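Listed below are the residues making up each chain.
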Amino acid sequence: MDLSPRHRVILKALVEEFVSDNRAVGSKTLSEKYDIGLSPATIRSSLAELEDMGFVVARHTSGGRVPTERGYRFYVDSLVTLFELTIKEKQRIQEEYLKMQFRLDQVLIATSKVLASLSQSASVVLGPEGSLDTLKHIELIHVNGNEVLMILVMRSGTVLNRNIFFDHHISQETLYQISRYMNDNVKGFDVHEVQNNLIPQMMMRKDGPEDFVQLAPSIARAMGAESMVGDNLYIDGLKNLYENFKDEEDHLENILHLFDEKHFLRNFFTEHVPMDGVYTIIGQEGDTKLGGVTIITTNYRMGEKRIGSMGIIGPQRMNYNKTLPLLEFTSKLVSEMITKLSR
């Protein structure tokens, strides 16, 4: 449903006043504080119309009105004015990353800290699945008899060990040759690409070591033999969430329960990894568990590949003017840093 210019002006002012003061908003407040150009009586009549349309609701018969989920949805989609982050805010974000040693996990921890601090809400950052982490180095080492240890050093700093058992003894010299050959061809690619594309292609070529074609299938299987997904959910700002919802016990209990279980958040943010842009999910349009809550989410990239997502979780009365550009700026900065790490 579209709104008239008058309804739009009044709804915009009401949402921003409620976000600022967290109190039901009356016609007198809007008339005195905002340059609407309408009398309190006209504003009062328009508020009643907005209530009939489901954009605002009166908590008490004699009090003012507050936005509904529908009102927030219309505001975010059609009325919000995005503020530019200040130079100081941008510097603060960048300085957090300069403290890190440029490992992927440290970058994501810093991201969750920055988002929570600047938004005064909770933050969630979903790290990439292990299969999307790119290879920096691979080494094959003879252990004993037919057993070989495969060491995978990832760009994130993670080191993975895989034991491979062949049906005959493999000399260390052969393993050195295969290690060098693979490093020349697979470093910089993620494990999924190596398993499913690169190794099959290399097996069809004639430039590899003599035993490579025979051993390659076992090497590929070993890369995916164990789950490479670790604890890749980074959360910060739960204290902010408590402060935001401490007067709304029913909402507070529900949202803290989500953070306790984590699987809901992991699944929720996983769904937004492949989706470009900044998404705002308001209340129960995201899930019945999210009454009174807004989640703003976006993804981040390694080069052109979408590998993870991040978001801010807070009350529906959050400051959208600042939170939306904060998330967009941070995701671009994180994408640039992770792309540099992968090279």
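Everything in this summary refers to the structure shown in the same document. (Residues numbered from 1 in each chain as written. Predicted model: local features only at pLDDT ≥ 70, side-chain atom pairs only at ≥ 80, totals over all residues. Heavy atoms only, no water.)

## Concerning the side chain of Ser218
Link 1 in the chain: Take Ser218: it is sitting in helix α9 (residues 212-223).
Link 2 in the chain: Contact partners of Ser218, with chain neighbours within four places excluded, come to Ile164 and Phe166. (Helix = DSSP H or I, 4+ residues; strand = E, 2+ residues; numbered from the N terminus. Contact = heavy atoms within 4.5 Å.)

## A short note on the nonpolar core
Link 1 in the chain: Ranked by size, the top nonpolar core spans 50 residues in total, and within it Leu11, Leu30, Leu50, Tyr97, Tyr300, Tyr320 and Ile338 carry the most contacts.
Link 2 in the chain: Mapped onto this core, the elements with two or more residues apiece are α1 (5-21), α3 (40-52), α4 (69-79), α5 (87-98), α6 (104-119), β9 (293-302), β10 (305-315) and α13 (320-341).
Link 3 in the chain: Among the elements that take part in this core, α13 stands out by supplying nine residues, more than any other.
Link 4 in the chain: Built from parts of two domains, this core gets at least three residues from each of domain 1 (5-79) and domain 2 (87-130 + 230-342).
Link 5 in the chain: What Tyr320 contacts, discounting residues up to four positions off in sequence, is Tyr72, Tyr75, Val76, Val80, Leu82, Thr280, Ile282, Thr294, Ile296 and Pro325.
Link 6 in the chain: Counting residues in hydrophobic clusters, the runner-up holds 28 residues, among them Tyr181, Ile199, Phe212 and Ala220. (Core = buried A, V, L, I, M, F, W, Y, C linked by side-chain atoms within 4.5 Å. Buried < 20%, exposed > 50% of the residue type's maximum accessible area, 1.4 Å probe, protein only. Domains from an automatic or database assignment.)

## Some remarks on the environment of Ser171
Link 1 in the chain: Along the chain, Ser171 turns up in the loop between β6 (159-165) and α7 (172-186).
Link 2 in the chain: Expressed as a C-alpha distance, the spacing of Ser171 and Gly145, which sit 26 residues apart in the sequence, is 9.8 Å.

## Re the packing of aromatic side chains
Link 1 in the chain: If you walk through the whole model with that rule in mind, you get six aromatic pairs.
Link 2 in the chain: Plain terms: the ring middles of Tyr181 and Phe212 are 5.1 Å apart, the flat faces sit at 80 degrees to each other, and that makes the pair edge-to-face. Within this pair, whereas Tyr181 is found in helix α7, its partner Phe212 is found in helix α9, the two being separated by 31 residues in sequence. Across the pair, exposure class does not vary: Tyr181 and Phe212 are buried alike.
Link 3 in the chain: Members of the aromatic cluster, connected to one another through ring pairs, are Tyr72, Tyr75 and Tyr320.
Link 4 in the chain: Sitting above the plane of the Phe55 ring, Arg70 keeps its charged end 4.9 Å from the centroid. (Phe/Tyr/Trp six-rings, centres within 6.5 Å; stacked < 30°, edge-to-face > 60°. Lys NZ or Arg CZ within 6 Å of the ring centre and 35° of its normal.)

## Some remarks on the sheet that holds β6
Link 1 in the chain: Read from one edge to the other, the open sheet built from three strands follows the order β4-β5-β6, with strand pairing classed as antiparallel. Because the sheet does not close on itself, it has two edges, and the strands there are β4 (135-144) and β6. Recorded for the sheet is a direction-independent mean angle of 20 degrees between the axes of neighbouring strands.
Link 2 in the chain: Sheet analysis places β4 next to strand β5 (residues 147-154), joined by eight bridges and oriented antiparallel. Residue pairing across strands places Leu135 opposite Met154, the latter belonging to β5.
Link 3 in the chain: Each of β4, β5 and β6 is contacted by α9, which is oriented at about 135 degrees to β6, the strand it contacts most. (Pairing = 2+ DSSP bridges. Axes fitted to C-alpha atoms, helices over the stretch in contact; angles between N-to-C directions.)

Worth remembering: the numbers are spatial, not functional.
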